[in-house]
Amino acid sequence: MTRIMGLDLGEKRVGVAVSDPMGWTAQGVDVLRRDHPDWLDRLARLIEDYEVEALVVGLPRNMDGSIGAKGEACRQLGRELEERFQIPVELWDERLSTVAVERTLIDADLSRRKRRKVVDRMAASWILQGYLEARRRNRDE
């Protein structure tokens, strides 16, 4: 079985999640700082360590479904990742993923400081879990 990696691309940080080998569940594994010069090398190590065979990149869309500047930046980075790592990259609608994760963490009564430490990783898990569930539904149809 293969693992899939989910990425929540922010301007400052990248949340990283991976699937289990069966492709059922997503777990957050890391947060990479984009201002760190070797963040892509760290991502490469994670891809290798987890034997990842595909990436799912969160695609921010406007509420009307259109793609703005942030979405275009994610598309471009997706193309660059596909070229660099030579594995398929799929874009996945991430509308409201960070909002949903924040709400979950607030409901869990986590302080703002603790939320900041986990929100990117959880958003990546949210994105990847949505992708895995949709893929499973499509296979079952």
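Residues numbered from 1 in each chain as written. Predicted model: local features only at pLDDT ≥ 70, side-chain atom pairs only at ≥ 80, totals over all residues. Heavy atoms only, no water.

- An unreviewed UniProt entry annotates the chain as Putative pre-16S rRNA nuclease originating from Kroppenstedtia eburnea.
- We quote the UniProt Sequence similarities (unreviewed entry) comment for the chain here in full: "Belongs to the YqgF HJR family." (UniProt positions renumbered as here; feature names shortened; annotations may be inferred.)

## Here's the deal with the pairing of strand 4 (residues 52–59)
Next, step 1: Of all 8 residues making up strand 4, 7 are buried, and the element is well covered by its neighbours.
Next, step 2: By the bridge criterion, 5 bridges tie strand 1 (residues 3–9) to strand 4 in an arrangement that is parallel. Of the residues in strand 4, the one forming a bridge with Arg3 is Val52.
Next, step 3: Taken together, the 5 bridges between strand 4 and strand 5 (residues 89–93) define a ladder with parallel strand orientation. Paired with Leu55 across the bridge in strand 5 is Val89.
Next, step 4: In this region the chain leaves strand 4, passes through helix 2 (residues 69–85) and returns to the parallel neighbour strand 5; the handedness of that crossover is right-handed. (Buried < 20%, exposed > 50% of the residue type's maximum accessible area, 1.4 Å probe, protein only. Helix = DSSP H or I, 4+ residues; strand = E, 2+ residues; numbered from the N terminus. Pairing = 2+ DSSP bridges. Right-handed = clockwise from strand over helix to strand, strands pointing away.)

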